[in-house]
Amino acid sequence: MTEHDRIPDVVKDESGERLAAAAGIGAGAPVLAFDVGGTDIKSALFDATGAAVGLRRTPTPVGGDDPVGALIDRLAELAEELREQHPEIVPEAIGLVVPGIVDADSGIAVFSSNLGWRDAPIRDLTAARFGLPVAFDHDVRSASWAERVLGGARDYADAVVLIIGTGIAGALLVGGQPYTAGGYAGEIGHSPIGEWPCPCGARGCLEARASAGAISRRYAEETGTVVDGAREVIALASAGDETAARIWNEALDALAMSIAQLTAVMAPQAVVIGGGLSRAGGALFDELRTRLADRLSFHRIPVLVPAELSGNAGILGSALRAREAAHA
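Throughout what follows, the structure given in this document is the object of discussion. Predicted model only: the values in this text are computed from it and were never measured. (Residues numbered from 1 in each chain as written. Predicted model: local features only at pLDDT ≥ 70, side-chain atom pairs only at ≥ 80, totals over all residues. Heavy atoms only, no water.)

This part takes up the overall build of the chain. Regarding its fold elements, the chain presents nine helices and 15 strands. The C-alpha atoms of the chain give 20 Å as radius of gyration, which agrees with the globular expectation for 328 residues (20 Å, within 12%). The principal-axis extent of the C-alpha atoms belonging to the chain is close to 55 × 45 × 35 Å. For the chain, long-range pairs separated by at least 24 residues make up 65% of all intrachain contacts whose partners lie at least 6 apart in sequence. For the chain, the computed accessible surface area is about 14,100 Å², with 51% contributed by carbon and sulfur atoms. Placing the 27 positive and 43 negative side-chain charges of the chain at their respective mean positions leaves the two points 3 Å apart. (Helix = DSSP H or I, 4+ residues; strand = E, 2+ residues; numbered from the N terminus. Rg over C-alpha atoms; globule rule 2.2 N^0.38 Å. Contact = heavy atoms within 4.5 Å. Areas by Shrake-Rupley, 256 points an atom, 1.4 Å probe, with all protein chains shown as cover. Lys, Arg positive; Asp, Glu negative; His and termini not counted. Charge placed at Lys NZ, Arg CZ, Asp CG, Glu CD.)

Here it is, written out as structure tokens:
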């Protein structure tokens, strides 16, 4: 493969973040890991020491008559490039995590509106293409597993991992293990807490009010001023912009309401918050702690902690699951 044929890299993601070095996963079988998102794919080999080798981010193929086939073709191309560059690493299994509704037990990608598949047997198709065992799971559920093993949820067997970025994704850890319900559990971003419309077709979804994407979009719609993400809206709110302050306050109220509901029903020890909005620091965490304390009474209020693995949690979870498949 010539340099001209090489798949281009995505330098920055939708939130403007550059790809950072990934944490190690510890010694074990060498594996190949993929984290597929709506706009980009992270890929890497993990060697026997657990170090991520050749980590990169490339565009996700979208559209066409066979989106699943196009995705697997792209994964094969990425694997070929990695193996050419690092022939000394021979993977024993593959980790593959994708967005949408995912039934990991059956290996089925049940539904993804962004990527255009429904009831796709992605695990078996990938295993047939590569001739290796494949660990297949949901991207945020895998990210939560990485946070449980390596990051912010390591001290909490019962926890919620909440990723707040362009949308809001979540995962539930119960007794130290992900709770999946056939792939439908953890859709916290689409839990109804109001009456506003959501692009998914439901009403009152948390994501439509409190995601970083919603915060910046609402400010632009109401003021006619395009901002550089939710963090700029938060900064404007701190500087006295009344519209920004109201939008940020409504986002905080929505998040506090959702976490309060999770607290009452699930009683998690911790809520681990990641994604672009988590970098708001005290403006997010201190406000949420105060609002939870004001809203709840006898409940066990969860510890609110930042995720530690940043944007690499998904591929780290993919690699950890691949290790399990290699040892199965």
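With that settled, consider the packing of helix α7 (residues 242–266) against helix α8 (residues 282–295). Direction vectors running N to C along α7 and α8 enclose 55°, while the axes themselves pass 9 Å from each other. One finds that α7 runs oblique with respect to α8. Our pair here, α7 against α8, has a crossing hand that is right-handed. Every residue of α8 that contacts α7 at W248, N249, L252, D253, L255, A256, M257, I259 and A260 is listed here: A283, L284, E287, L288, R291, L292 and R295. Each residue belonging to the contact of α7 with α8 can be placed in one class, and the counts come to eleven nonpolar, one polar and four charged. (Axes fitted to C-alpha atoms, helices over the stretch in contact; angles between N-to-C directions. Parallel < 35°, antiparallel > 145°, perpendicular 65-115°, else oblique. Left-handed = near helix turned anticlockwise from the far one by under 90°. Nonpolar A, V, L, I, M, F, W, Y, C, P; charged D, E, K, R; others polar.)

Another point: the side chain of K42. Here K42 lies in strand β2 (residues 40–46). One buried charged residue, K42, forms no salt bridge at all, with the nearest opposite charge on D35 at 4.5 Å. For K42, the side chain forms a polar contact with the main-chain oxygen of G311, separated by 3.2 Å. Apart from residues no more than four positions distant in its own chain, K42 is found in contact with L19, A33, F34, D35, R56, R57, G311, N312 and I315. (Buried < 20%, exposed > 50% of the residue type's maximum accessible area, 1.4 Å probe, protein only. Salt bridge = Lys/Arg side-chain N within 4 Å of Asp/Glu carboxyl O. Polar contact = N/O pair within 3.5 Å; in protein donor to acceptor, adjacent residues only side chain to side chain.)

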